[in-house]
Amino acid sequence: MKITMIGTGYVGLVTGACFAEVGNDVLCLDLDQRKIDMLNSGGIPIHEPGLDTMVARNRAAGRLRFTTDVAAGVAHGLLQFIAVGTPPDEDGSADLRHVVAAARNIGRHMDGYRVVVDKSTVPVGTADAVRAAISDELAKRKANHRFAVVSNPEFLKEGAAVDDFMRPDRIVIGSDDPDATRHMHSLYGPFQRNHEKLYVMDVRSAELTKYAANAMLATRISFMNELANLAERLGADIEYVRRGIGSDPRIGFHFLYPGAGYGGSCFQKDVKALMQTGQQSGLSLDILAAVERVNDRQKHVLTTKITTRFGNDLSKRHFAVWGLSFKPNTDDMREAPSRELIGDLLERGATVSAYDPFAIDEARRVFGGEARIQFAKSPMGALVGADALAIVTEWKEFRSPDFDAIKTALKSPAVFDGRNLYDPADVVQAGLEYYPIGRRVAAA
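The structure displayed is predicted, hence computed values, not measured ones.

Rules behind the numbers
- Residues numbered from 1 in each chain as written.
- Predicted model: local features only at pLDDT ≥ 70, side-chain atom pairs only at ≥ 80, totals over all residues.
- Heavy atoms only, no water.
- Helix = DSSP H or I, 4+ residues; strand = E, 2+ residues; numbered from the N terminus.
- Rg over C-alpha atoms; globule rule 2.2 N^0.38 Å.
- Contact = heavy atoms within 4.5 Å.
- Areas by Shrake-Rupley, 256 points an atom, 1.4 Å probe, with all protein chains shown as cover.
- Lys, Arg positive; Asp, Glu negative; His and termini not counted.
- Charge placed at Lys NZ, Arg CZ, Asp CG, Glu CD.
- Buried < 20%, exposed > 50% of the residue type's maximum accessible area, 1.4 Å probe, protein only.
- Arc of directions from axis to C-beta.
- Pairing = 2+ DSSP bridges.
- Axes fitted to C-alpha atoms, helices over the stretch in contact; angles between N-to-C directions.
- Phe/Tyr/Trp six-rings, centres within 6.5 Å; stacked < 30°, edge-to-face > 60°.
- Lys NZ or Arg CZ within 6 Å of the ring centre and 35° of its normal.
- Core = buried A, V, L, I, M, F, W, Y, C linked by side-chain atoms within 4.5 Å.
- Salt bridge = Lys/Arg side-chain N within 4 Å of Asp/Glu carboxyl O.

Student: What is the right way to look at the overall build of the protein chain in this model?
Tutor: Secondary structure summary: the protein chain contains 18 helices and 14 strands in total. Expected size for 444 residues packed as a compact globule is a radius of gyration near 22 Å; at 24 Å, the protein chain falls within 12% of this value. Each principal axis of the C-alpha distribution contributes one length, and for the protein chain these read about 75 × 45 × 45 Å. Of all intrachain contacts in the protein chain linking residues separated by at least 6 positions in sequence, the fraction that spans at least 24 positions is 73%. With the model as given, the accessible surface of the protein chain reaches about 19600 Å², and the carbon-plus-sulfur share is 51%. When the 54 positive and 57 negative side-chain charges of the protein chain are each reduced to one mean point, those points stand 1 Å apart.

Student: In this structure, what is going on with the environment of Asn144? I would like to understand it.
Tutor: Among the secondary structure elements, Asn144 is positioned in the loop between helix H6 (126-140) and strand S6 (147-151). You can call Asn144 exposed: its relative accessible area is 76%. Once the C-alpha coordinates of Asn144 and Asp111 are considered, the two residues, 33 residues apart in sequence, prove to be 9.3 Å apart.

Student: I tried to follow helix H3 (residues 51-60) on my own but got confused; where do I start?
Tutor: Residues three or four positions apart in an α-helix share a direction because the helix packs 3.6 residues into each turn. Leu51, Met54, Val55 and Asn58 are the residues of H3 that are buried. Buried residues of H3, seen end-on, are gathered within an arc of 95° and therefore sit on one face of the element. Buried residues along H3 sit in contact with helix H1 (10-21), strand S3 (64-67) and helix H7 (161-166). Backbone geometry just after H3 places Gly62 at a positive phi near 80°.

Student: I'm lost on the sheet that holds strand S10 (residues 351-355) in this one. Help?
Tutor: By way of backbone hydrogen bonds, the strands of a sheet pair with one another, either parallel or antiparallel. The six strands lie next to each other as S11-S10-S9-S12-S13-S14, forming an open sheet whose pairing is parallel. Two strands in the sheet have a free side with no partner beyond their single neighbour: strand S11 (373-375) and strand S14 (433-435). Looking at each pair of strands side by side, their axes are set apart by 20° on average, direction ignored. Both strand S9 (residues 318-322) and strand S12 (residues 388-391) contribute to a ladder of four bridges, which runs parallel. Bridge pairing links Trp322 to Ile391 in S12. On the sheet, helix H13 (residues 301-310) packs against S9, S12, strand S13 (414-417) and S14 and is oriented at approximately 160° with respect to S13.

Student: What am I meant to see in the packing of aromatic side chains here?
Tutor: How two aromatic rings sit relative to each other is set out by the distance from centre to centre and by the angle between their planes. For the structure on display, the rule yields 17 aromatic pairs. Ring geometry for Phe255 against Phe267: centres 6.2 Å apart, planes inclined by 50°, an arrangement best described as tilted. Separated by twelve residues along the polypeptide, Phe255 in the loop between helix H10 (238-246) and helix H11 (267-280) and Phe267 in helix H11 bring together distant segments of the chain. The exposure class assigned to Phe255 is partly exposed, which follows from its relative accessible area of 30%. Judged by its relative accessible area of 13%, Phe267 is buried. In this structure an aromatic cluster arises from ring pairing among Phe19, Phe81, Phe165, Tyr188 and Phe191. Between Arg170 and the ring centre of Phe155, over which it is positioned, the NZ or CZ distance is 3.8 Å. A cation over an aromatic ring shows up here: Arg309 above the ring of Phe310, its NZ or CZ 4.6 Å from the ring centre.

Student: How should I be thinking about the nonpolar core in this particular structure?
Tutor: Where a protein is soluble and globular, its nonpolar side chains tend to be buried together. The biggest cluster of nonpolar side chains holds 39 residues, and the ones touching the most others in it are Phe19, Phe81, Met184 and Tyr188. For this core, the element with the most residues is H1, which contributes eight residues. In this structure Phe19 touches Ile3, Met5, Asn24, Val26, Phe81, Phe165, Leu187, Tyr188 and Phe191, once residues within four positions along its chain are discounted. Core analysis: the next-biggest nonpolar cluster, separate from the first, contains 37 residues, Met333, Ala350, Phe367 and Ala388 among them.

Student: When you look at the pattern of salt bridges in this model, what are you seeing that I'm missing?
Tutor: Close approach of charged atoms lets side chains of opposite charge pair. The full count for this structure, using the stated rule, is 35 salt bridges. Between Asp128 and Arg131 there is a salt bridge, and its shortest N-O distance comes to 3.1 Å. Pair noted here: Asp128 and Arg131 are both in helix H6, with a separation of three residues, about one helical turn. Look at Arg131 and you get partly exposed, because its relative accessible area is 29%. One salt bridge connects Arg243 with Glu239, and the closest N-O pair in it is separated by 3.0 Å. Here the residue Arg243 and the residue Glu239 both occupy positions in helix H10, the gap between them amounting to four residues, near one helical turn. We classify Arg243 as partly exposed; its relative accessible area is 46%. Exposure remark for Glu239: the relative accessible area of 17% places this residue in the buried category. Each of Arg104, Arg108, Asp136, Glu137 and Lys140 takes part in salt bridges that share partners, so that together they form one network.

Here it is as structure tokens:
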């Protein structure tokens, strides 16, 4: 099938590459000339495991191409996927300007039947706005081409997006048009050969499903973080609690890991957007307000532990930070807890040496050349001259460190673990002070 992917960000690039991988003819359209030049020269603007080789393979086969030519993009695909950004507006709602602009471009240039697919995360009612924008542009040029608007939300995890797309656990299609539904079923046929994974529903239900999924996951994280903080006060161990409740099949183990708060481009933005949707509908979503409040507070939990140990004046202290991205296997630092921790440390006068396997270039951009932040080339390199170590992202290479070497390198030596990576007994036995989240730590 011929597919046009409008937007070559995280969702658009992964989706376009995966569709090309199974034999579709995909043209990716983006107005950012720099990004298109990078992709046409073999570069990748994001880090996602397996994506670079997939893009290269399908470019070489001629199934995946990149352009800034809007007219060519609209002419190419029967299926027009809109996968542009929907950043939060000032009131927390999703900013749909790029979505509507893409829809208008389709209306201006389409010369026959098109299926327009909303792949971006958008609030309920966006399909109506897209339909209205296309109809308006068609009316301006007195054209009468038939089209359908479909919702097809993405459920990709950063760091595992390619595998998630190629082996989906569900494919949600919101469609009120039988022909469009048939085209979408054909498109996703190669991804559900084992058993049916396609859930067809009305458009508004599909739009709400995406927000509901992310809000539910965010709720589980904030709930566990609150329980972890309570466990510390009560002298309980959140790891035992996690196992005890996770063994209940009604609850399960997924997203029950406490930590330093969630980040990334989705959870925080989508929770706020869903709250705003509720307000616009005259309904206060109080649970989500609490989820957001708990997460904002949790991003400072490591700061609290550090200042409790070292005092609020950190002007003569130097801290090592392991992990900058909001989660492993990505270089994405949007809303990352590391940003809050480092900001807190700098505000209190400290200096920082940070290490991350992939996010250092992004960190340089985020922190704008801040002189009090150094970037190390290795985890142990970040420890040189440091009073203590703070772990913010659970990269695999942090899971089995040499505790004796850490003790030797650190001045204090104290480890503040924002992801509960270690058995407290092992860390304490090595002579380190250990400050995890919600775990019981016996005295040495």
